[in-house]
Amino acid sequence: MSVHTFDTMGTIVSVRVDDELGLVDLEAVRAVFQRYDGVYSLYDDASPLSRVAGGELQLADTMPDVRETYAQALEWRNATWGLSTPHRPDDVIDLSGLVKALAIRDAGAVLDGLGAAWLLTVGGDCLSRITPSTPTWRVGIVDPDDAAGLLGIATLDGSRRALATSGIAERGDHIWSRNGRSHFVQATVLADDIETADVLATTIIAGLPGDLDRVTETWNVDVLVVDRDGEIRATPRAAEWVSRPTSVVG
Amino acid sequence: MKALQLTDQGGRSVEISNYAAPIPRTEALSAQSANIQSVSGATYTSQGYTTSLQAALDKSGL
């Protein structure tokens, strides 16, 4: 098992490969994140999206990739009843949520070229690939009320590859929500792809309990949420993450 | 799986097969003994990472 970490997009990327990961491949993974960050970062004044935010560049004059990503973000906004939106309350176009997911997806495509099992974790979101020799990855779900504890453990067995958690624990109430204050403090979504997992986790945090029900009715996902009172709700498969047997610990 | 029959706030019957239902909390699970390779939680900053469970896992090389 080789483990590598690097800093990008304001967070840390952790790469696990059930094999050696050469420097060239690690650099290829890092380059994926740096390319997206260079275009979409709102912390870098020179990035095209920062220049759009500052009014010196028209969105229509940006490169096709930027407009395509913005169009994707709008499609997600429409699919999530306006809850996952690229438009900040101050009108700035912020694509960082979707872009992080797209970078994870593209980095995963690089890692797939290795032919080994891998697990990519970026700021609390995970994408995985299994092989016969590494048939599962086990991912702990953080307890928002106890940073050193876990709510449960999700097993990534290849059926659904992407796990994303959104919450207010680490960055404060940064997600704009329907009534100004989040009902749920943490939402974890397991989906087939990382864009769906990431967008829906954000959607649930931005929404009310009825929106959670709409999400689980509309998409094939497993969901675990924690509300402000510390109460847990889970879809049937996600409930198994919490009620785990304790005797199998190695 | 048989779909649950629920009633929404308007009294309308709705069919939900993947409903997120309340579940009891189990006793706190220690990350050290959990045999995990990664952690999913709210997005941490580069600074927040240093004290995170993820950093401890990465350092251990598991």
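For every chain, the first residue of the written sequence is number 1, and numbering continues from 1 along that sequence. For naming, the first written chain is A and the first written ligand is 1, with later ones following in the order written. Totals for whole chains, interfaces and linings use every residue, but because this is a predicted model, local features are given only for residues with pLDDT of at least 70 and side-chain atom pairs only at 80 or more, for both listing and counting. Each side-chain value is derived from all of the structure's non-hydrogen atoms; neither hydrogens nor water enter the calculation.

Student: What is the right way to read the overall build of chain B from this model?
Tutor: A run of DSSP states H or I qualifies as a helix once it reaches four residues; a run of E qualifies as a strand once it reaches two. Both are numbered from the N-terminal end. For chain B, the count of helices and strands is two helices and five strands. Beginning at the N terminus, the succession of helices and strands in chain B can be written as β-β-β-β-β-α-α. Partly exposed residues are those whose accessible area sits between 20% and 50% of the maximum for their type, while under 20% is buried and over 50% is exposed, using a 1.4 Å probe and protein chains only. By the burial criterion, 40% of the 62 residues in chain B qualify as buried. Within chain B, contacts between residues at least 6 apart in sequence are counted, and of these 3% link residues at least 24 apart. Residue contacts are defined here by distance: any two heavy atoms, one from each residue, within 4.5 Å place the two residues in contact.

Student: Just to check I follow, could you spell out the domain arrangement of chain A for this structure?
Tutor: Accessible area lost when the parts come together is the quantity often used to give the size of an interface. Residue and element names in this part refer to chain A. Domain start and stop points were drawn from an automatic or database domain assignment. The domains assigned to chain A are domain 1 (1-130) and domain 2 (136-250). Using C-alpha coordinates to define each centre, domain 1 is positioned 20 Å away from domain 2. Opposite the 28 residues of domain 1 that make contact, domain 2 presents 28 residues. Carbon and sulfur atoms make up 67% of the area that domain 1 and domain 2 hide from each other, which totals about 2,400 Å². Salt bridges are defined as contacts in which a side-chain nitrogen from Lys or Arg sits within 4 Å of a carboxyl oxygen from Asp or Glu. Two residues, Arg105 and Glu195, come together in a salt bridge whose shortest N-O distance is 3.6 Å. Under this definition, polar contacts are N or O atom pairs within 3.5 Å; protein pairs additionally need one hydrogen-donor-capable and one acceptor-capable atom, and for neighbouring residues in sequence, both atoms have to be side-chain atoms. Along the contact surface separating domain 1 from domain 2 lie five residue pairs in polar contact (both at pLDDT 80 or more). Sorting the residues of the side of domain 1 that touches domain 2 by element identifies helix H3 (64-79), helix H4 (96-112), strand E3 (118-122) and strand E4 (125-129) as the ones contributing at least two each. For the side of domain 1 that touches domain 2, the leading source of residues is H4, giving eight residues. Joining two parts hides part of their accessible area as seen by a 1.4 Å probe, and the buried area is that hidden amount summed over both.

Student: I tried to follow unusual backbone geometry on my own but got confused; where do I start?
Tutor: Where the residue is not glycine, phi is negative for most of them; where a peptide bond is considered, it is trans in most cases. All names here are of chain A. Non-glycine residue Met9 carries a positive phi angle of around 55°. Inspection of the secondary structure puts Met9 in the loop between strand E1 (2-8) and strand E2 (11-17). Phi at Trp81 takes a positive value of approximately 55°, unusual for a residue other than glycine. Among the secondary structure elements, Trp81 is positioned in the loop between H3 and H4. A relative accessible area of 28% means that Trp81 is categorised as partly exposed.

Student: Help me out: how do you make sense of the side chain of Thr196(A) in this one?
Tutor: Structurally, Thr196(A) is set in helix H5 (residues 194-206). With sequence-adjacent residues up to four places away left out, Thr196(A) is seen in contact with Trp76(A), Ala191(A), Trp219(A) and Val221(A).

Student: When you look at the pairing of strand E9 (residues 222-227) of chain A in this model, what are you seeing that I'm missing?
Tutor: On a regular strand, each side chain points to the face opposite its neighbour's, so the side chains alternate between the two faces of the sheet. Residues and elements named next belong to chain A. Most of E9 is tucked away: six of the six residues are buried. Taking every second residue as pointing to the same face, both faces of E9 are buried, with Asp222, Leu224 and Val226 on one and Val223, Val225 and Asp227 on the other. A pair of strands is considered paired only if DSSP assigns at least 2 bridges between the two. Sheet topology places strand E8 (residues 184-191) next to E9; six bridges connect them, and they run antiparallel. Bridge pairing in E9 places Phe184 opposite Asp227. Pairing geometry for E9 and strand E10 (residues 232-234), over three bridges, is antiparallel. Opposite Val225, over in E10, you have Arg233 as the bridge partner. Counting the residues between successive antiparallel strands, the hairpin from E9 to E10 contains four residues, one of them, Gly230, with a positive phi of roughly 85°.

Student: Any chance you could explain the environment of Leu23(A) here in plain terms?
Tutor: With respect to the secondary-structure elements, Leu23(A) resides in helix H1 (residues 23-40). Leu23(A) sits 132 residues away from Thr155(A) along the chain, and the two C-alpha atoms are 29 Å apart.

Student: In this structure, what is going on with the interface of chain B and chain A? I would like to understand it.
Tutor: Each partner contributes residues to the interface: chain B has 35 residues there, and chain A has 59 residues. Roughly 3,900 Å² of surface becomes buried between chain B and chain A when both sides are summed, with 53% attributable to carbon and sulfur atoms. Summed over the three residues of chain B that lose the most area to chain A, namely Arg25(B), Leu29(B) and Ser40(B), the buried surface amounts to 18% of that side. Our enumeration of links across chain B and chain A arrives at three salt bridges. At the junction of chain B with chain A, the criterion picks out 30 residue pairs in polar contact (both at pLDDT 80 or more). For the side of chain B that touches chain A, the secondary structure elements donating two or more residues are strand E3 (21-23), strand E5 (38-40), helix H1 (46-49) and helix H2 (53-60) of chain B.

Student: Teacher, can you tell me more about the packing of aromatic side chains here?
Tutor: Any two aromatic rings considered together are summarised by their centre-to-centre distance and by the angle between their planes. Residue and element names in this part refer to chain A. The rule is short: rings of Phe, Tyr and Trp, with Trp giving its six-membered ring, pair when the centres are within 6.5 Å, and they are stacked under 30 degrees, edge-to-face over 60, tilted in between. Tallying each qualifying case throughout the model produces five aromatic pairs over all chains. Connected via pairs of aromatic rings, a cluster forms that spans Trp76, Trp81 and Trp219. In this structure, Arg35 packs its charged tip against the face of Tyr36, placed 4.9 Å from the ring centre. Over the ring of Trp81 we find Arg214; its NZ or CZ atom is 4.1 Å from the centre of that ring. For a Lys NZ or an Arg CZ to count as sitting over a ring, it must be within 6 Å of the ring centre and within 35 degrees of the ring normal.

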